[in-house]
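Observations on the three-dimensional arrangement
Listed below, chain by chain, are the residues.
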Amino acid sequence: MEFELTSDQKLFLSTARDFLEKEYPLDALRRAAQDERSGFDRGWWRRAAELGWTSLLVPEELGGGSISGHGVRDLALLAEQLGAGIAPGALLPTNTVLAGLVAAHGTGPDHSDIIGELASGEKVATWAVYEPGGQWAPLRPGLTATPTGDGGFRLDGTKDRVEAAPQADVLLVTAATPDGTAQFLVPAGAEGVSVTPQWGLDIARWFGTVQFDGVHVAADAVVGAAGDEAAMERQFQIALLIQCAEVCGGLTKVFDMTVQWAFDRYSFGRPIASYQALKHRFADMRTWLEACHATTGAAAAAVQENAENAAQLVSVAKSFVGERSLWILQDCVQIHGGIGVTWEHDLHLFLRRATLDQSLYGTPDDHRRRLADLAGL
Amino acid sequence: MTANAPETAESVEEFRARARSWLAANLPRLDPDAVPPLPGDDDHLWLRARELQQKLHAGGFAGICFPREYGGLGLPRAYQDAFTEESMGYEMPIILNIPTFSICCATLLDVGTEEQKRQHIGAAIRGEEILVQFLSEPSGGSDLAGLITRADRDGDGWVINGSKTWSTSAYAADYGLCLARTDSDKPKHEGLTMFLVPTNAPGLTINRIRMVDGSTEFCEEFFDNVRVDASAVVGEVDGGRAVASHQLFHERNAVGGGSPYVSGRGATPTRPKSDPFAVALATGRTADPEVRTMLGEMLTLSAVRSQLRARVSAGIAKGHLGPPAASMLRLFHAEHSMTEDDHALRIAGATGGFGTGPEPGYTGLAGVSFLGRQGAGLGGGSTEMSRNIISERMLGMPRELAPDRGVPFNQIKRGSR
């Protein structure tokens, strides 16, 4: 996504790639999916955390640190690398929660301990923000947090599409309070919390439905303050950025693979890359791919700087990448021919992930309407 | 070329402040609410552009990045950028940017003779001369080098015969850079020469082409024994391909926003374009979720277009991408422009293509602009050519069959239309 990397960044990324390929090559993921094994290896995740996968957004005084001094951009580069390998794990959910906790740090109850535990890989966290059957509406939760009189709250309701829920130790839950939408940190093992698996298209990510049935939390479970939407917007931006960067990584891999296929595959005595009907589609795809990288890179730079237009630029990126990734991937399937729709081929692994990413955290159309809102139309 | 140290010690910010007060005192403000008129005869716009350029020159704000010895100010790019920013909202001679300054003068600066540079660049900066390009021909669009207009030696000069087309605003011009075949025994790219031809030369007839949107800025020219002196040759005899490459480079650079010789920014008033946002406001449909989705998509494509521009320009400048990558900008620009036309028409809904009373208004304009929708995929080389360049030169895919490659031009097969 970025043309010029420091030697530290290059080392960070190549280490991440090797680490992923060693434990979770694409073939292993395909086999695991057939065995219906669920979840990723927690020991592997702790070692991933030691490599820095969960420290990039966390300031040094809270136990984190970036590679280049620009943690958000480092994270986007890492996501791109992991997207090229359909990584399992909790990169998006844990870093999204960390983004919120770090943004709210100093504005409400102290969560330094949990920040440290997430950064070290000891714990995994996730954002419980969707509700069954609902579209993207983070500021209109149906789940209620009722004050209990002792400063604490009682949570009632259900969340779904909660990534890594079957393995999460901590849930960041959006809830309606008398003072507006608030977020609460809830241990997955708290009384009244029950997690059931939810079917999802991606073979290397696991989702769950989480029910909150009279769950009591203390006053210090609140993140920031009720009605304060800044931390949530930051989480949203980080989630979108990781998502778009992952998709860019996968797209580049699939595009290169398809170009190579076009050179190697012959029909009627010539490589299919020599047919103008296909060359022109490759030209369109090459242009959209470059544009996907351009818009994701611009979003990363804006989120890094907390720029005023960061909200717009992540929506621009999602609106574009969410749509074009699927155009590109389906055309790559078409150019591969029948092999492209078989289980044995890698293409579907990328298409599965990109399809879910299209759906999550606002669809491209949701983001277009958000852009119209932000433009004051 | 712009590296000449300014003789003035004035900083960019001082220059900007001086430009701001000069603009306020000397140039009229544009009316942001004015509905653009339908395209049509636009001679008055060219007369007006000359007047405005003469004002800029008298005020000391013309040819900011051109060298001082050719009539410019010899200032670095940052001064031009500051002036352009300050000039927003003022009536500027935008139509002189392309091709006069950013393509023709820039090319003369690269490859012209000392005399050509002194005479023509200076005159253009003073608002006394407009230059255009005579490149395309009726017999071939994208296959530029297959042109058949010829120039034959005549004593120490040349005689040109043939015809040209799609020359933008030639009727308003004083000179045209004309590419002609000077040796038919050589392969097609090698026997071409560039000439600087005065538009009032005896034997040269210029007709205006009326486009579907009613605009008449494109022209066709007929050369009937047009005689030019040897001093009209730009670059080398039979070296016209190299000169044309400079022009094409400067054209891409200017369209892509990279030229230091472009002053001021904004739509060229000769060909108004549909505006989905203005249509949504005019039809009172901004609250419709479907309309908001389309407007959000337009905001997306506009942002991505400039992000892609920035990324590809930087990538080419630093060697991460080869020069053919610029074709991706051309392709994306066409997609953006066509989507703009499509969305404006869809948002106009039942009023698309109708005016309000006798005036076309934004909804009528959406229809007019839609008629010329494909222009964005044709002008400056078709999108099909861009797709060939990207697939062949960026991705290394096999080239299309070209039976004319390496063959003497007079042995190449030609069609009948």
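Located above this text is the structure these notes cover.
These numbers come from a predicted model, not from an experiment.

1. Describing the overall build of chain A
- From N to C terminus, chain A includes 11 helices and 10 strands.
- For 377 residues, the compact-globule estimate of 2.2 N^0.38 gives 21 Å, and the C-alpha radius of gyration of chain A, at 21 Å, lies within 12% of that figure.
- Structurally, chain A occupies a C-alpha span of about 80 × 50 × 40 Å along its principal axes.
- Looking at chain A as a whole, 51% of its 377 residues are labelled buried.
- A sequence separation of at least 24 residues applies to 77% of the contacts in chain A between residues at least 6 apart.

2. A look at the nonpolar core
- Formed by 154 residues in total, the largest nonpolar core has its most connected members in L155, F184, L241 and A299 of chain A.
- It is helix 7 (residues 230–264) of chain A that provides the largest number of residues to this core, a total of 17 residues.
- Apart from residues no more than four positions distant in its own chain, A299 of chain A is found in contact with L241, C244, L313, V314 and A317 of chain A.
- Counting 70 residues, the second largest nonpolar core, distinct from the first, contains I121, L204, V234 and V262 of chain B.

3. Topic: the interface of chain B and chain A
- Contact residues are listed per partner, giving 30 residues for chain B and 30 residues for chain A.
- At the level of elements, helix 8 (289–317), helix 9 (326–348) and helix 11 (383–394) of chain B are the ones that each hand at least two residues to the side of chain B that touches chain A.
- In terms of residue count, the dominant contributor to the side of chain B that touches chain A is helix 8 of chain B (15 residues).
- Across the side of chain B that touches chain A, the residue classes tally to 15 nonpolar, nine polar and six charged.

4. Observations concerning unusual backbone geometry
- Residue I98 of chain B is joined to P99 of chain B through a cis peptide bond whose omega torsion reads 5°.
- Position of P99 of chain B relative to the elements: it lies in helix 4 (residues 97–111).
- If you check the backbone angles, A164 of chain A has positive phi at about 60° while not being a glycine.
- Counting through the fold element by element, A164 of chain A comes out in the loop between strand 3 (153–163) and strand 4 (170–177).
- Exposure remark for A164 of chain A: the 25 C-beta atoms within 10 Å place this residue in the buried category.

What counts and how
Once a new chain begins, its residue numbering starts again from 1 and follows that chain's sequence as written. For naming, the first written chain is A and the first written ligand is 1, with later ones following in the order written. Confidence filtering applies because this is a predicted model: local features only for residues at pLDDT of at least 70, side-chain atom pairs given and counted only at 80 or more, and all residues used for totals across whole chains, interfaces and linings. Strands are runs of DSSP state E lasting at least 2 residues, helices are runs of H or I lasting at least 4, and numbering of each runs from the N terminus. With the radius of gyration taken over C-alpha atoms, the globule rule is written as 2.2 Å times the number of residues to the power 0.38. Here a residue counts as buried when 20 or more other C-beta atoms fall within 10 Å of its C-beta, as exposed when 12 or fewer do, and as partly exposed in between; the C-beta atoms come from the backbone. Here contacts are defined at the residue level, using C-beta atoms placed from the backbone and a cut-off of 7 Å between them. Working definition: the nonpolar core is a set of buried Ala, Val, Leu, Ile, Met, Phe, Trp, Tyr and Cys residues, joined through C-beta atoms within 7 Å. We call Asp, Glu, Lys and Arg charged. Ala, Val, Leu, Ile, Met, Phe, Trp, Tyr, Cys and Pro are nonpolar, and the rest, Gly among them, are polar.

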